Amino acid sequence: MAKITIDFNHMLASGIGEHGICEEEIARYAGRIAKVHEGLCAKRQMNAWRELPHNQDEIVRDILQTAEKIREKFEYFVVFGIGGSALGMKALFSALKHPRYNELPREKRQGPKIYIVDNVDPDSLNALLDVIDIRKTAFNVITKSGNTVETMSQFMVALSMLENLGEDLKEHIFLTTDKEKGILRKIANEYGFQTFVVPDGVGGRFSVLSPVGLLPAAVIGIDIEALLRGAAEMHALCQKPALEENPAYMYAMLYFIAMKKGVNISVMMPYADGLLCTAEWYAQLWAESLGKKVDIRGNTVHAGQTPVRALGVTDQHSQVQLYNEGPFDKIITFVTVQNFRTNMQIPASPIEMRDTQYLAGQSFNKLIASEQAATEYAVTSAGKMNMRITLERVDEESLAALLFFLEMATAAAGEFLEIDAFDQPGVEAGKIATFALMGREGYEQKAEELSKKEKGNPDFCYECN
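So, how was this worked out
- Residues numbered from 1 in each chain as written.
- Predicted model: local features only at pLDDT ≥ 70, side-chain atom pairs only at ≥ 80, totals over all residues.
- Heavy atoms only, no water.
- Helix = DSSP H or I, 4+ residues; strand = E, 2+ residues; numbered from the N terminus.
- Rg over C-alpha atoms; globule rule 2.2 N^0.38 Å.
- Buried < 20%, exposed > 50% of the residue type's maximum accessible area, 1.4 Å probe, protein only.
- Contact = heavy atoms within 4.5 Å.
- Expected span 1.5 Å × (residues − 1).
- Arc of directions from axis to C-beta.
- 1 Å grid on protein atoms, 1.4 Å probe; cavity = no way out; pocket = protein on both sides within 12 Å on 5 of 7 lines; lining within 4 Å.
- Points joined across faces, edges and corners; volume = space filled by probe spheres on them.
- Nonpolar A, V, L, I, M, F, W, Y, C, P; charged D, E, K, R; others polar.
- Pairing = 2+ DSSP bridges.
- Right-handed = clockwise from strand over helix to strand, strands pointing away.
- Disulfide = S-S within 2.5 Å.
- Salt bridge = Lys/Arg side-chain N within 4 Å of Asp/Glu carboxyl O.
- Axes fitted to C-alpha atoms, helices over the stretch in contact; angles between N-to-C directions.
- Lys, Arg positive; Asp, Glu negative; His and termini not counted.
- Core = buried A, V, L, I, M, F, W, Y, C linked by side-chain atoms within 4.5 Å.
- Parallel < 35°, antiparallel > 145°, perpendicular 65-115°, else oblique.
- Left-handed = near helix turned anticlockwise from the far one by under 90°.

Asks: How do you make sense of the overall build of the protein chain when you look at a structure like this?
Replies: Across its full length, the protein chain carries 18 helices and 12 strands. Computed over C-alpha atoms, the radius of gyration of the protein chain comes to 24 Å, within 12% of the 23 Å expected from 2.2 N^0.38 for 465 residues, which places it in the range of a compact globule. If one aligns the C-alpha atoms of the protein chain with their principal axes, the spans along those axes are about 65 × 65 × 60 Å. For the protein chain, the proportion of its 465 residues judged to be buried stands at 48%. Taking the contacts inside the protein chain whose residues are at least 6 apart along the sequence as the reference set, 76% of them involve residues at least 24 apart.

Structure below.
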């Protein structure tokens, strides 16, 4: 596994002063680690995402064979999914492939052009149809429940267009869903579509290392075996019972203490464009797992911490003013890369630029590292909690290790908060309301309730003509 360094020093009072976490607080909560470890071990069988790095040899072989066929036959590969069915693959794609992958000629791409569609904006969907040739497109439809209204509506568009062109639907459609239940499973069984399974106990936000992420990754030439190796090595580290040996437990404990001190925002700020989608993936993982109204005893707690994604250097000119001089309610996690794939020099200017001549002959690599170090220095000097995760390089093993570390840290944080980190009742309420508003059979009562609520709203609506 490529080296990953996780530096918590600027979370501590010894590093940033009075707003940091003191030794007495660490000592007080470190005693809960044994209970946290016991809780995670007890849930391991229910949380099959922890086994994904270890038990997919046969699945990987099937995925690799299918991916090879897709690469040979199709020019475009479209993923229909939302939430965890899209964000994980976006993180893999943006971190591990060429930043202009779809614009490269085929011989430099290692696979078809890929489009990950995770919204139902009609303009965006129509724009996709403007740039792909349906006859040369494979569609990967991902929804474990088979009830995801956004994904199923996209699927209906693809089916309709393929049917109108007289194409063999089975040649173009690949489904990723539950092994037994749901509308998509029923469709797969009835029409004979090739299907991959989202295992029981793998929720969407923990599914990136299942066929949800592995099939699209393999199609575009990402080494999925290396992904699983990196995750397995991190898993070995993050299941150790001792706090001083387990970075996921340390992360969870420090964030838990910070939340108790009123730090209710978690900023992830990668200093690499390719890792921005990793921060977006983390936002769902952290928010959906920990944002809960009640604890495991049924007490109302309104737990959670709001995740924010920022991009260094871009958001130094956007958000860092707030981070430096605003309230002490944030942890900033800097994610840095030691060795970029490119080492790019800053040339001397052919025109006179006296005040910038000091840059000539230096590198963009040094510049981005200096910008990160300067921002870290500034927020540390301001007494704001921050930490740094450094990847020696961004490759399959290190990225999967980072993702798995964050999954384990999130699960451990749920144990500290004594909430269920693996359900999402707040999301389900919105899904039910959407079914009602779209006229789905069986949701008539909810539709009536929503109609009455809308009519009863006070008239605080402005029409600006």
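Anyway, onward from the coordinates.
Asks: Explanation requested: helix 4 (residues 57–73) in the structure shown.
Replies: What sets the pattern is the α-helix's 3.6 residues per turn: residues three or four places apart point alike. Here helix 4 spans 25 Å end to end across 17 residues, near enough to the 24 Å set by a 1.5 Å rise per residue. For helix 4, the complete set of buried residues consists of Val 60, Ile 63, Thr 66, Ala 67 and Ile 70. Projected onto a plane normal to the axis of helix 4, the buried residues spread over an arc of 135° and lie on a single side. Exposed residues pointing more than 90 degrees away from the buried face of helix 4 are listed as Asp 57, Glu 58, Arg 61, Gln 65, Lys 69 and Glu 72. Of the surrounding elements, those touching the buried residues of helix 4 are strand 2 (76–80), strand 4 (137–142), strand 5 (173–177), strand 6 (194–197), helix 10 (211–219) and helix 11 (224–238).

Asks: When you look at empty space enclosed by the protein in this model, what are you seeing that I'm missing?
Replies: Unoccupied space between atoms shows up once a probe the size of one water molecule is rolled over them. Tallied over the full model, the rule gives one cavity of 30 Å³ or more. The computed volume of the largest cavity comes to approximately 30 Å³. Phe 80, Leu 125, Leu 128, Leu 129, Ile 132, Phe 139, Val 157 and Ala 158 together form the lining of the largest cavity. At the level of elements, helix 6 (122–131) and helix 7 (149–164) are the ones that each hand at least two residues to the lining of the largest cavity. Broken down by element, the lining of the largest cavity gets its largest block of residues, three residues, from helix 6. Class assignment for the residues of the lining of the largest cavity results in eight nonpolar, no polar and no charged.

Asks: What am I meant to see in the pairing of strand 6 here?
Replies: Along a regular strand, successive side chains alternate from one face of the sheet to the other. Of the strand pairs in this sheet, strand 5 and strand 6 are connected by four bridges, and their pairing is parallel. Bridging from a neighbouring strand, Phe 174 pairs with Gln 194 of strand 6. On the question of chirality, the crossover connecting strand 5 to the parallel strand 6 by way of helix 9 (residues 183–191) is right-handed.

Asks: Would you explain the state of the cysteines in this entry?
Replies: Here a disulfide denotes one covalent bond, and it connects the sulfur atoms of two cysteines. In this structure the tally under the stated criterion is zero disulfides. This cysteine, Cys 238, is not joined by any disulfide, and Cys 41 carries the nearest cysteine sulfur, 13 Å off. Exposure remark for Cys 238: the relative accessible area of 0% places this residue in the buried category.

Asks: Can you walk me through the pattern of salt bridges in this structure?
Replies: In a structure, side chains of opposite charge can pair up when their charged atoms sit close to one another. According to the stated counting rule, one finds 24 salt bridges in the structure shown. With a shortest N-O distance of 2.9 Å, Lys 292 and Asp 423 are connected by a salt bridge. A residue pair is termed long-range when its members are at least 10 positions apart, and Lys 292 in strand 8 (residues 292–294) and Asp 423 in the loop between helix 16 (396–417) and helix 17 (425–437) qualify at 131 residues. Looking at Asp 423, the relative accessible area reads 28%, which means it is partly exposed. Overlapping salt bridges bring together Lys 144, Asp 178, Lys 179 and Asp 200 as one network.

Asks: For this particular structure, what's the right way to read unusual backbone geometry?
Replies: Negative phi characterises most residues that are not glycine, and trans characterises most peptide bonds. Cis geometry marks the peptide bond from Gly 312 to Val 313; its omega dihedral reads 10°. On the secondary structure map, Val 313 appears in the loop between strand 10 (306–309) and helix 14 (320–325).

Asks: Honestly, the sheet that holds strand 11 (residues 330–337) in this entry has me stumped. Any pointers?
Replies: Each strand in a sheet pairs with its neighbour through backbone hydrogen bonds, running either in the same direction (parallel) or in the opposite one (antiparallel). Strand order in this open sheet of five strands is 1-12-11-7-10, and the pairing throughout is mixed. The sheet is open, and its two edges are formed by strand 1 (4–7) and strand 10, each paired on a single side. Pairs of neighbouring strands in the sheet enclose a mean axial angle of 15°, with direction left out of account. In terms of strand pairing, strand 11 meets strand 12 (residues 386–391) through six bridges, oriented parallel. Across the sheet, Thr 333 pairs through a bridge with Met 387, a residue of strand 12. Lying over the sheet, helix 15 (residues 364–381) contacts strand 11 and strand 12, oriented at roughly 160° with respect to strand 11. Strands in contact with helix 16 are strand 1, strand 7 (265–270) and strand 12; relative to strand 1, the strand with the most contacts, it is inclined by about 35°.

Asks: Just to check I follow, could you spell out the side chain of Glu 396 for this structure?
Replies: Within the secondary structure, Glu 396 is located in helix 16. Within the buried core, Glu 396 has no salt-bridge partner, and the shortest N-O distance to an opposite charge, that of Lys 97, equals 6.7 Å. The contact partners of Glu 396, leaving out residues within four places of it in the chain, are Leu 96, Ile 222, Asp 223, Ala 226 and Leu 227.

Asks: Explanation requested: the nonpolar core in the structure shown.
Replies: Looking at soluble globular proteins, one finds that nonpolar side chains tend to be buried together. Of all hydrophobic cores here, the largest spans 103 residues; its most connected members are Met 11, Tyr 251 and Phe 405. Take this core: its biggest share by element is 15 residues, from helix 16. When sequence neighbours within four positions are dropped, the list of residues in contact with Met 11 reads Gly 20, Ile 21, Leu 254, Tyr 255, Ile 331, Met 385, Asn 386 and Met 387.

Asks: What is the right way to look at the packing of helix 3 (residues 33–43) against helix 16 in this model?
Replies: The angle between the axes and the distance between the axes are what describe a pair of packed helices. Their axes nearest at 9 Å, the elements helix 3 and helix 16 cross at an angle of 120°. With respect to helix 16, the axis of helix 3 lies oblique. Helix 3 and helix 16 meet at a crossing whose hand is right-handed. Between helix 3, through Ile 33, Val 36, Gly 39, Leu 40 and Lys 43, and helix 16, the contact on the second element is made entirely by Ala 411, Ala 412, Glu 415 and Phe 416.

Asks: Sorry if this is basic, but what is going on with helix 10 here?
Replies: A large share of helix 10 lies buried, amounting to nine of its nine residues. Within helix 10 the residues assigned to the buried category are Pro 211, Val 212, Gly 213, Leu 214, Leu 215, Pro 216, Ala 217, Ala 218 and Val 219.

Asks: What should I look at first to understand the sheet that holds strand 6 in this one?
Replies: On the basis of which strands lie adjacent, the open sheet formed by five strands has the order 3-2-4-5-6 and parallel pairing. Across the chains shown, the open sheet's two edge strands, defined by having one partner strand only, are strand 3 (113–117) and strand 6. Direction aside, the axes of adjacent strands within the sheet are offset by 20° on average. Relative to strand 3, strand 2 runs parallel, the two being bridged by five bridges. The residue bridging Phe 80 from the neighbouring strand is Val 117, located in strand 3.

By themselves, these are just geometric observations and shouldn't be taken as functional.
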